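Chain and residue survey
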Amino acid sequence: MSRIRPFLAVLMLLCALFGYAAKPLPVQRFEGGLGVGRLSFPLSSYSNTERYMLLSLFPSGEIRFNIPRTAWDVGITFYSLSSSVYRLHGTYEYKGESYSYSYDVVNNCDLIGVCSHYNLRQGRKVNPFFGLAAGIGLSVKSELFNNNISDIGSHFAIEPRVGVEFLYHIRLCADIQISRKGFNTVGLTLGFAIGGRPKKPK
């Protein structure tokens, strides 16, 4: 039950946002997005571990096309902010004595793929939106105690998201990135939009 609570929360939020929707206004066809920081928390974990929240300042980017006469946009995304931090605990034997140890592991996943969003108040100063990104997740596991990088791979990744754009430029987005065990996260991203402003009447 605990695993589906985030999805239920997003669904309830979307239902509330639809009551705030308005007819989309004509906007510029293309816009870019730049994420500058993401606060993330792991959804899944390994055995004998603690999970930690992490603030990542690595940038992410998107290029989106606003489909004319609709509230939809489509685009490509490079999302490099999904990080999970775990502290692993264990014991070992040495000369008949038992010792405990712990060390931190950071799992990073870069999502490269496509995205689409529905803008509930497109062209207005406050524009809630929801959408989805999907593509290839490039994952890397880093063990900090010995600077060891392991478990490098690629896999399918999907990211439902919901957020709000303020004053045509400031973009706040909550997301759930789902890829593989140990790399799944829920996060909050602060970013900026360039372009996509309302068109001036002719």
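Data block above holds the structure.
Report on the accompanying structure. Computed from a predicted model, the values in this text were never measured in an experiment. (Residues numbered from 1 in each chain as written. Predicted model: local features only at pLDDT ≥ 70, side-chain atom pairs only at ≥ 80, totals over all residues. Heavy atoms only, no water.)

**A word on the environment of Pro42**
To be explicit about the condition: Each helix corresponds to a stretch of at least 4 residues labelled H or I by DSSP, and each strand to a stretch of at least 2 residues labelled E; elements are numbered beginning at the N terminus.
In this fold, Pro42 is placed in strand 1 (residues 30-42). When the C-alpha positions of Pro42 and Gly187 are compared, they lie 8.8 Å apart, and in sequence the two are 145 residues distant.

**Some words on unusual backbone geometry**
In the Ramachandran plot, Arg69 falls in the positive-phi region, its phi being about 60 degrees despite a non-glycine side chain. A positive phi angle, close to 55 degrees, is found at Leu167, a residue other than glycine. Within the fold, Leu167 resides in the loop between strand 8 (148-166) and strand 9 (170-177).

**Concerning the pattern of salt bridges**
A side chain of one charge can pair with a side chain of the opposite charge when the charged atoms of the two come close. Note the following rule: The rule for a salt bridge is simple: a side-chain nitrogen of Lys or Arg has to be within 4 Å of a carboxyl oxygen of Asp or Glu. Note on exposure labels: buried denotes an accessible area under 20% of the residue type's maximum, exposed denotes more than 50%, and partly exposed covers the range between, all computed with a 1.4 Å probe on protein chains only.
The full count for this structure, using the stated rule, is 6 salt bridges. Note that Arg64 is salt-bridged to Glu31, the shortest N-O span being 2.8 Å. In this pair, Arg64 sits in strand 4 (residues 60-66) while Glu31 sits in strand 1, placing the two residues 33 residues apart along the sequence. Among the residues examined, Glu31 registers a relative accessible area of 8% and is labelled buried. Its salt-bridge partner being Glu62, residue Arg161 comes within 2.5 Å of it at the nearest N-O pair. Pair noted here: Arg161 is in strand 8 and Glu62 is in strand 4, with a separation of 99 residues, a long-range link. Looking at Arg161, the relative accessible area reads 5%, which means it is buried. Under the relative-accessibility criterion, Glu62 is labelled buried at 11%. Beyond isolated ion pairs, a larger network of salt bridges with shared partners links Glu31, Glu62, Arg64, Glu159 and Arg161.

**Notes on the environment of Leu54**
Rules: By the convention used here, residues are in contact when the closest approach between their heavy atoms is within 4.5 Å.
Looking at where Leu54 falls in the secondary structure, it is placed in strand 3 (residues 54-56). The exposure class of Leu54 is partly exposed, given its relative accessible area of 24%. Placed 133 residues apart in sequence, Leu54 and Gly187 show a C-alpha to C-alpha distance of 9.4 Å. In this structure Leu54 touches Arg38, Leu39, Ser40, Ser83 and Val85, once residues within four positions along its chain are discounted.

**What to know about the layout of surface pockets**
Quick note on the threshold: Cavity means a closed set of points on a 1 Å grid over the protein atoms alone, one where a 1.4 Å probe fits but cannot get out, pocket means an open set with protein on both sides within 12 Å along at least 5 of 7 lines, and lining means a residue has an atom within 4 Å of a point. Grid points are joined across faces, edges and corners, and a volume is the space filled by probe spheres set on the points. The nonpolar class holds Ala, Val, Leu, Ile, Met, Phe, Trp, Tyr, Cys and Pro. Asp, Glu, Lys and Arg form the charged class, and all remaining residues, Gly among them, are polar.
Computed from the structure, the second largest pocket encloses a volume of approximately 220 Å³. What lines the second largest pocket is a set of 13 residues, and nearest its centre among them are Leu25, Pro26, Val27, Pro68 and Arg69. Of the residues belonging to the lining of the second largest pocket, the class tally is 6 nonpolar, 3 polar and 4 charged.

**Re the packing of aromatic side chains**
Cut-off, in case you're wondering: Pairing of aromatic side chains requires ring centres within 6.5 Å, counting the rings of Phe and Tyr and the six-membered ring of Trp. Pairs whose planes differ by under 30 degrees are stacked, by over 60 edge-to-face, and all others tilted. Any Lys NZ or Arg CZ found within 6 Å of a ring centre and within 35 degrees of that ring's normal is scored as a charge over the ring.
Using the criterion set out here, one finds 3 aromatic pairs in the structure. Linked through ring pairs, Trp72, Tyr118 and Phe130 together constitute an aromatic cluster. One Lys or Arg, Arg171, reaches over the ring of Phe129 and ends 3.9 Å from the middle of that ring.

**Digging into empty space enclosed by the protein**
Applying the stated criterion across every chain, the model contains 2 cavities of 30 Å³ or more. The calculated volume of the largest cavity comes to roughly 180 Å³. Lining the largest cavity are 16 residues, and of these Glu62, Arg64, Tyr79, Arg171 and Thr189 sit closest to its centre. Of all the elements in the fold, those that place two or more residues in the lining of the largest cavity are strand 1, strand 4, strand 9 and strand 10 (185-195). In terms of residues, the lining of the largest cavity owes the most to one element, strand 4, which gives 4 residues.

**As for the nonpolar core**
Operational definition: Each nonpolar core is a collection of buried residues, namely Ala, Val, Leu, Ile, Met, Phe, Trp, Tyr and Cys, held together in the definition by side-chain atoms within 4.5 Å.
Formed by Tyr79, Leu111, Cys115, Ala133 and Ala157, the largest nonpolar core amounts to 5 residues. If sequence neighbours within four positions are ignored, Ala133 has contacts with Thr77, Leu111, Val114, Cys115, Ala157, Ile158, Glu159 and Arg161.

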